[in-house]
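Working through the structure, step by step
So you can see what is in the structure, the chains are spelled out below.
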Amino acid sequence: MSSYSNTARLTEARRVAIFGGTHGNEMSGVTLVNLWMKNSDEIQRKGVEAKPFITNPKAVEKCTRYVDTDLNRAFTPENLSAPGGDELPYEVQRAQEINKVFGPKGSPEAYDVIFDLHNTTSNMGCTLILESSKDHFNLQMMNYIKKAIAPASCLVLLNEHPLLKYSTSRSVAKHPVGLEVGPQPQGVLRSNIFEAMRVILKHALDFIELFNEGMEFPSCSVEVFRVSERIDYPRDANGNIIAMVHPNLQDCDWEPLNPGDPMFQTFDGKTIHYQGSGTVYPTFINEAAYYEKQQAFVTTRRETLVASAIGKA
Ligand SMILES: CC(=O)N[C@@H](CC(=O)O)C(=O)O
Ligand SMILES: [Zn+2]
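Here the residue numbers are simple positions, counted from 1 along each chain's written sequence. Naming scheme: in the order in which they are written, chains are lettered from A and ligands are numbered from 1. Where totals are concerned, whole chains, interfaces and linings use all residues; where local detail is concerned, this predicted model gives features only for residues with pLDDT of at least 70, and gives and counts side-chain atom pairs only at 80 or more. Values shown for side chains rest on all heavy atoms present in the structure; no hydrogens or waters enter the calculation.

Quick look at the site of ligand 1
Note the threshold: Only heavy atoms are used to decide nearness, and a residue is near a molecule or strand if one of them lies within 4 Å of it. N or O atoms within 3.5 Å of each other form a polar contact, as long as, within protein, one can give a hydrogen and the other can take it, and as long as residues adjacent in sequence are counted only when both atoms are side-chain atoms. With residues, only the protein chains shown are counted as cover, and all accessible areas are computed by Shrake-Rupley using a 1.4 Å probe. Under the convention adopted here, Pro, Cys and the residues Ala, Val, Leu, Ile, Met, Phe, Trp and Tyr are nonpolar, Asp, Glu, Lys and Arg are charged, and Gly plus all remaining residues are polar.
Lining the immediate surroundings of ligand 1 are 14 residues, of which Asn72, Arg73, Tyr166, Arg170 and Tyr290 lie closest. Here an oxygen atom of ligand 1 sits 3.1 Å away from a polar atom, N or O, in the side chain of histidine 23. Within the side chain of tyrosine 290, one N or O atom sits 2.5 Å away from an oxygen atom of ligand 1. The fraction of the free accessible surface of ligand 1 (330 Å²) that becomes covered by protein chains is 100%. Taken together, the residues of the shell around ligand 1 sort by class into four nonpolar, four polar and six charged.

And the structure:
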């Protein structure tokens, strides 16, 4: 048997899209995509067709997360097949249009890779978001990016939870990749966050070019943080929030939180401690957009995944 017998042979990734403005007030992605729509030299690679695209132009126009409903939750089978045309919520119409152009979701005609650019108000740094632990192309891409940006770091959030997974814009692609960079307030552009996003995307596109050119990627391991649990703010009987993220936890995304550690601080100064079992790694701590989703932060658990060797078919 050849030494390549365990190498997964994957088709080239020729059709790549870069989405910005899935949330209209996340300015790094909106700005980069608008820039690249004017001049796409920076994102072109040999053997790759990279298409920059503003997914929610009405929300970008208003500088708001969404107009009728969150576009990054809208790509459900029900929405994508819903009749109703103009009567449907704006983002559902938009999801259908995006699915036609870049999908159909789950079909062989779908785009190979979609990068969806997001900002968070949380202190998460550079985070790549994956939806499957079995996508070896994406896992290899994560390994490549991590090595390329060292000594800077970027972490991988794995959103594969049976209940907490949601139907993202990027999910129409064969290989969906979310890129979440923060902290950056909504509606604000910060140069450090903008540049960090730009650099990650550069390496991601380089990886695709190398893959398409026939480079072989040996098996490797990738550290990921798997979404575990969603934690809401403490509330009173009427549903009003009665506590804030504790100062010891605020801005401490990705740092271990152990049972008994301070988690919230009530307005009258009482500390609420984390009561879970074992160490978790909180992230999206105090994200502005998640107040409406009743989420103060999400806990993750650290794992090491093995990416198979890959090469093009
Ligand atoms: C702050 C924010 O918008 N985060 C994204 C994460 C993702 O793209 O999966 C969202 O909730 O849709
Ligand atoms: Zn977003």
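Points about the coordination of the zinc ion (ligand 2)
Under the convention used in this document: The donor set covers N, O and S atoms within 2.8 Å of the metal, switching to 3.2 Å for Na, K and Ca, and it leaves out water, so a site may look short of donors. Whether a residue is buried, partly exposed or exposed follows from its accessible area with a 1.4 Å probe, protein chains only, as a fraction of its type maximum: under 20%, in between, or over 50%, in that order.
In this structure, His23 (ND1), Glu26 (OE), Glu26 (OE) and His118 (ND1) serve as the protein donors to the zinc ion (ligand 2), at separations of 2.0 to 2.4 Å. Motif for the zinc ion (ligand 2), donor spacing along one chain: H-x2-E-x91-H. Given the relative accessible area of 2%, histidine 23 is considered buried. Residue classification places glutamate 26 among the buried positions, given a relative accessible area of 5%.

Thoughts on the nonpolar core
Rules: Here, nonpolar core means buried Ala, Val, Leu, Ile, Met, Phe, Trp, Tyr and Cys residues that are tied together by side-chain atoms lying within 4.5 Å of each other. Helix and strand assignments come from DSSP, with helices taken as H or I runs of at least 4 residues and strands as E runs of at least 2, each series counted from the N terminus. It only takes one pair of heavy atoms within 4.5 Å for two residues to be counted as in contact.
Among the nonpolar cores identified, the biggest contains 45 residues, and Phe115, Met141 and Ile208 are the most heavily contacted of them. Ranked by the residues each element gives to this core, the list is headed by helix H6 (residues 191-212), at 10 residues. Once residues lying within four places of it in the same chain are set aside, the contact partners of methionine 141 are Val113, Phe115, Val177, Ala204, Phe207 and Ile208.

Structural notes on the sheet that holds strand E2 (residues 15-20)
Quick note on the threshold: Should DSSP find at least two bridges between two strands, the strands are taken to pair. To obtain each axis, a line is fitted to C-alpha atoms, and for helices this fit is confined to the stretch in contact; angles are then taken between N-to-C directions over 0 to 180 degrees.
Read from one edge of the open sheet, nine strands run E3-E2-E4-E7-E5-E6-E8-E13-E12, paired in mixed fashion. Every other strand in the sheet has two partners, leaving strand E3 (49-54) and strand E12 (281-283) as the edge strands with one partner each. The average angle at which neighbouring strand axes cross in this sheet is 30°, direction not considered. Pairing of strand E8 (residues 220-231) with strand E13 (residues 297-307), which is carried by 11 bridges, proceeds in the antiparallel orientation. If you follow arginine 230 over to E13, its bridge partner there is valine 298. Its contacts with the sheet put helix H5 (residues 136-149) on strand E4 (113-119), strand E5 (125-130), strand E6 (154-158), strand E7 (175-182), E8 and E13, and the angle it makes with E8 is roughly 105°. Against the sheet, H6 makes contact with E2, E4, E5, E6 and E7, and its axis sits at roughly 170° relative to E4, the strand it touches most.

Comments concerning the side chain of histidine 23
Within the secondary structure layout, histidine 23 lies in the loop between E2 and helix H1 (27-38). Among the polar contacts listed, one links the side chain of histidine 23 to the side chain of histidine 118, at a separation of 3.1 Å. When residues no more than four places from it in sequence are discounted, the contact partners of histidine 23 are Val30, Thr64, Arg65, Asp70, Asn72 and His118.

Examining the packing of aromatic side chains
This is how it is decided: Side-chain rings of Phe, Tyr and Trp (the six-membered ring for Trp) are treated as a pair once their centres are within 6.5 Å; stacked means planes under 30 degrees apart, edge-to-face means over 60, and tilted covers the remaining angles.
Summed over the entire model, instances satisfying the criterion amount to 14 aromatic pairs. Between phenylalanine 137 and phenylalanine 211 the ring centres are 5.2 Å apart and the planes differ by 85°, which places this aromatic pair in the edge-to-face class. You can see phenylalanine 137 sitting in helix H5 and its partner phenylalanine 211 sitting in helix H6, a full 74 residues away along the chain. Phenylalanine 137 gets classed as buried once you look at its relative accessible area, which sits at 2%. Relative accessible area serves as the criterion here: at 0%, phenylalanine 211 is assigned to the buried category.

Topic: H6
The condition that has to hold: In a helix, the anticipated span is given by 1.5 Å times the number of residues less one.
Given a rise of 1.5 Å per residue, 22 residues ought to cover 32 Å, and the 32 Å separating the end C-alpha atoms of H6 matches this to within 8%. Among the residues trailing H6, glycine 214 stands out with phi positive, at a value near 105°.

As for the pattern of salt bridges
Heads up, the condition is: Here, a salt bridge means any Lys or Arg side-chain nitrogen found within 4 Å of an Asp or Glu carboxyl oxygen.
One pass over the full model with this rule turns up 21 salt bridges. Between lysine 202 and aspartate 206 there is a salt bridge, and its shortest N-O distance comes to 2.8 Å. In this pair, lysine 202 and aspartate 206 both sit in helix H6, four residues apart, roughly one turn of the helix. Under the relative-accessibility criterion, lysine 202 is labelled partly exposed at 40%. The class for aspartate 206 is buried, based on a relative accessible area of 14%.

Some details on the UniProt feature "domain: AstE/AspA barrel-sandwich hybrid" (unreviewed entry) in the protein chain
Here is the rule: UniProt positions are given in the numbering used here, feature names are shortened, and annotations may be inferred rather than shown by experiment.
UniProt's entry tags residues 221-301 with the feature "domain: AstE/AspA barrel-sandwich hybrid" (unreviewed entry), counted in the numbering of this structure. Secondary structure across residues 221-301 comprises 0% helix and 37% strand; the distance between its end C-alpha atoms is 16 Å.

Some points on the state of the cysteines
By definition, a disulfide links two cysteine residues through a covalent bond between their sulfur atoms. For the record, the criterion: When two cysteine sulfur atoms are found within 2.5 Å, that pair is recorded as a disulfide.
Within the structure shown, the criterion is met by zero disulfides. Cysteine 154 provides the cysteine sulfur closest to cysteine 126, a residue in no disulfide bond, and the two sulfurs are 6.3 Å apart. You can call cysteine 126 buried: its relative accessible area is 13%.

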